Amino acid sequence: MKKRLLSFILLGTVCFSFVACGQKSKKADSDKAEETATEASSDDEAEKVEEDADAVVEVIEGYSHTPEYDEALANADVYGGTDGKTYDDYKSAYTAAIADVEANSPQYSFTYSLIYVNEDDIPELVCNSNDETFGVYLISYHEGSLNYALTSGTEFTYIEKENIVDNTGVVLGAYYDNLLAIRDGQWVLLGYGEKGTSDPWAEDSFDENGDPIVDTWTWDDDYLKNDADYNATLELYYASDAAKSVDNYVSKDEILKQINGEQE
C-alpha cells in the first residue's frame, strides 16, 4: 500500500489565435509567420518536456540522497555486527561467511544471491534462510571486515546502488518498514515505521480475512495522523518506484562459483 512518490505535471497545450485581415497577399504572409511561430513554439515545448523528463530520471536515480536521508544515515544506530576476523578480499570473506551460515544453522535450507546495495563495486551477499521466523542475512565487505545484519523476515526490497534496503513484513497486527543502509561498511538502521491496529489482541481489530484494521501509524515511535502521512514519510527516504526485489537466489555451489568468478 505504498504511495507512489513522483507525480508528473504535464505541460499544457499552448493555443494560438490569429486574426486575419487585409489583402490576400498579407493573409499569406500572416499564415506563413503563424506557421513559423507555431513550429518554434513546438520546438521550445519539446525541449522543455525533454528537460523535465531528464530531471525526473535524476530524481529517481539519486532519490535516497535527500537531506532527510543524509541526516538519518549520519545519526543511525548500528544494526548488526561483524565476526571480528580480517580477510584479504571479499571473495575469501564471503566464502567463510557461507561456511559459517551453513554450519551454524543446518536446520535451514539457505539460498544465496549477490546484489549491489551501496555505490561501490563490491556486491553484498544475501543468505536467505527461506524461513519467515529466521529471516535473511545481509552481508557486506569493507576494508578487510565482514559485516552482517539479520532481517526480521524474508521479504525485502532495495534500490540498487542507492544504499538503502526496506525489510517489510507483518508482526503483532502491524505492517512494518525497516530501513537499512551501509555506513563505513557497517549496517545501520535509518528508520522504522509501523502501521496497524492499536489493539492486536482484540478480535474486532481484524477483518474477515484476518488482516489488521489499520488505525495507528508511527515512524521512529512518533505518531502520525493517517496512511497518507505514513507513506509520505517513508518516501522521504525510500523511492518505492525505483525499488526491486531479489529474484535470482541460487544454491551454495552456484554462489561460490559466482563469487570466485568461475565460469560454467
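For the structure, see preceding data.
One structure accompanies this document, and this report is about it. Remember, predicted model here, so these are calculated numbers, not experimental data.

### Concerning the pairing of strand 11 (residues 216-219)
Working note: regular strand, side chains alternate between the two faces of the sheet.
So, point 1. Residue alternation in strand 11 divides its side chains into two sets, T216 and T218 and W217 and W219, and both sets are buried.
So, point 2. The sheet contact formed by strand 10 (residues 186-196) and strand 11 spans four bridges and is antiparallel. What sits directly across from K195, in strand 11, is W217.
So, point 3. Turn length for the strand 11-strand 12 (residues 222-224) hairpin, with the two strands adjacent in sequence and antiparallel, is two residues, and the turn residue D220 shows positive phi of about 50°.

### Examining the side chain of D166
So, point 1. Locating D166 in the fold gives a position in strand 8 (residues 164-171).
So, point 2. Here N178 takes part through its backbone nitrogen, which lies 3.4 Å from a polar atom of the side chain of D166.

### Brief notes about the nonpolar core
A general trend in soluble globular proteins is that nonpolar side chains are found buried together.
So, point 1. Core analysis: the largest hydrophobic core is formed by 18 residues, its most contacted members being Y94, F110, Y112, L125, C127, Y137 and I139.
So, point 2. Those elements that provide at least two residues to this core are helix 3 (90-104), strand 4 (124-128), strand 5 (136-142) and helix 5 (252-259).
So, point 3. The biggest single contributor to this core is helix 3, with five residues.
So, point 4. Contact partners of F110, with chain neighbours within four places excluded, come to V101, E102, S105, C127, N128, S129, N130, F134 and Y137.
So, point 5. In this structure, A72, I159, V188 and Y238 belong to the second largest nonpolar core, which totals 17 residues.

### Digging into a nonpolar patch on the surface
So, point 1. A cluster of nonpolar side chains, contributed by V171, L172 and W201, occupies part of the molecular surface with about 380 Å² of accessible area.
So, point 2. In this structure, W201 sits in the loop between strand 10 and strand 11.
So, point 3. On the basis of relative accessible area, W201 is assigned to the exposed category, the value being 71%.

### Let's talk about the side chain of S105
So, point 1. Secondary-structure assignment places S105 in the loop between helix 3 and strand 3 (111-115).
So, point 2. Of the residues examined, S105 reaches a relative accessible area of 7% and is grouped as buried.

### Side note on the sheet that holds strand 3
So, point 1. If you walk across this open sheet you meet the five strands as 2-6-5-4-3, and the pairing is antiparallel. Each edge of the sheet is formed by a strand with only one pairing partner; in this case those strands are strand 2 (81-82) and strand 3.
So, point 2. The sheet contact formed by strand 2 and strand 6 (residues 145-150) spans two bridges and is antiparallel. What sits directly across from T82, in strand 6, is N147.
So, point 3. Strand contacts of helix 3: strand 3, strand 4, strand 5 and strand 6, with the helix running at about 155° to strand 5, the strand carrying the most contacts.
So, point 4. Against the sheet, helix 5 contacts strand 3 and strand 4, and its axis sits at roughly 25° relative to strand 3.

### Looking at the pattern of salt bridges
So, point 1. Counted according to the given criterion, the structure contains three salt bridges.
So, point 2. When the shortest N-O distance is used, the salt bridge between K161 and D121 registers 3.5 Å. Here D121 lies in the loop between strand 3 and strand 4 and K161 lies in the loop between strand 7 (156-159) and strand 8, a separation of 40 residues in the sequence.
So, point 3. Given a relative accessible area of 30%, K161 falls into the partly exposed group.
So, point 4. Across the salt bridge formed by K195 and D227, the nearest N and O atoms sit 3.5 Å from each other. With a gap of 32 residues between them, K195 in strand 10 and D227 in helix 4 (residues 227-235) connect regions that are remote in the sequence.
So, point 5. With a relative accessible area of 7%, K195 lands in the buried category.

### Observations concerning the packing of helix 3 against helix 5
So, point 1. Contact geometry for helix 3 and helix 5: axes closest at 10 Å, N-to-C directions at 165°. Classed by the angle they form, the pair helix 3 and helix 5 counts as roughly antiparallel. Crossing of helix 3 over helix 5 shows right-handed handedness. Residue-level inspection shows Y90, K91, Y94, T95, I98 and E102 of helix 3 in contact with helix 5, the latter providing K252, I255, L256 and I259.
So, point 2. Grouping the constituent residues of the contact of helix 3 with helix 5 by class yields six nonpolar, one polar and three charged.

Thresholds, definitions, all that
- Residues numbered from 1 in each chain as written.
- Predicted model: local features only at pLDDT ≥ 70, side-chain atom pairs only at ≥ 80, totals over all residues.
- Heavy atoms only, no water.
- Buried < 20%, exposed > 50% of the residue type's maximum accessible area, 1.4 Å probe, protein only.
- Helix = DSSP H or I, 4+ residues; strand = E, 2+ residues; numbered from the N terminus.
- Pairing = 2+ DSSP bridges.
- Polar contact = N/O pair within 3.5 Å; in protein donor to acceptor, adjacent residues only side chain to side chain.
- Core = buried A, V, L, I, M, F, W, Y, C linked by side-chain atoms within 4.5 Å.
- Contact = heavy atoms within 4.5 Å.
- Patch = residues over 30% accessible without salt bridge, like charges linked within 9 Å, V, L, I, M, F, W, Y side chains within 5 Å.
- Areas by Shrake-Rupley, 256 points an atom, 1.4 Å probe, with all protein chains shown as cover.
- Salt bridge = Lys/Arg side-chain N within 4 Å of Asp/Glu carboxyl O.
- Axes fitted to C-alpha atoms, helices over the stretch in contact; angles between N-to-C directions.
- Parallel < 35°, antiparallel > 145°, perpendicular 65-115°, else oblique.
- Left-handed = near helix turned anticlockwise from the far one by under 90°.
- Nonpolar A, V, L, I, M, F, W, Y, C, P; charged D, E, K, R; others polar.

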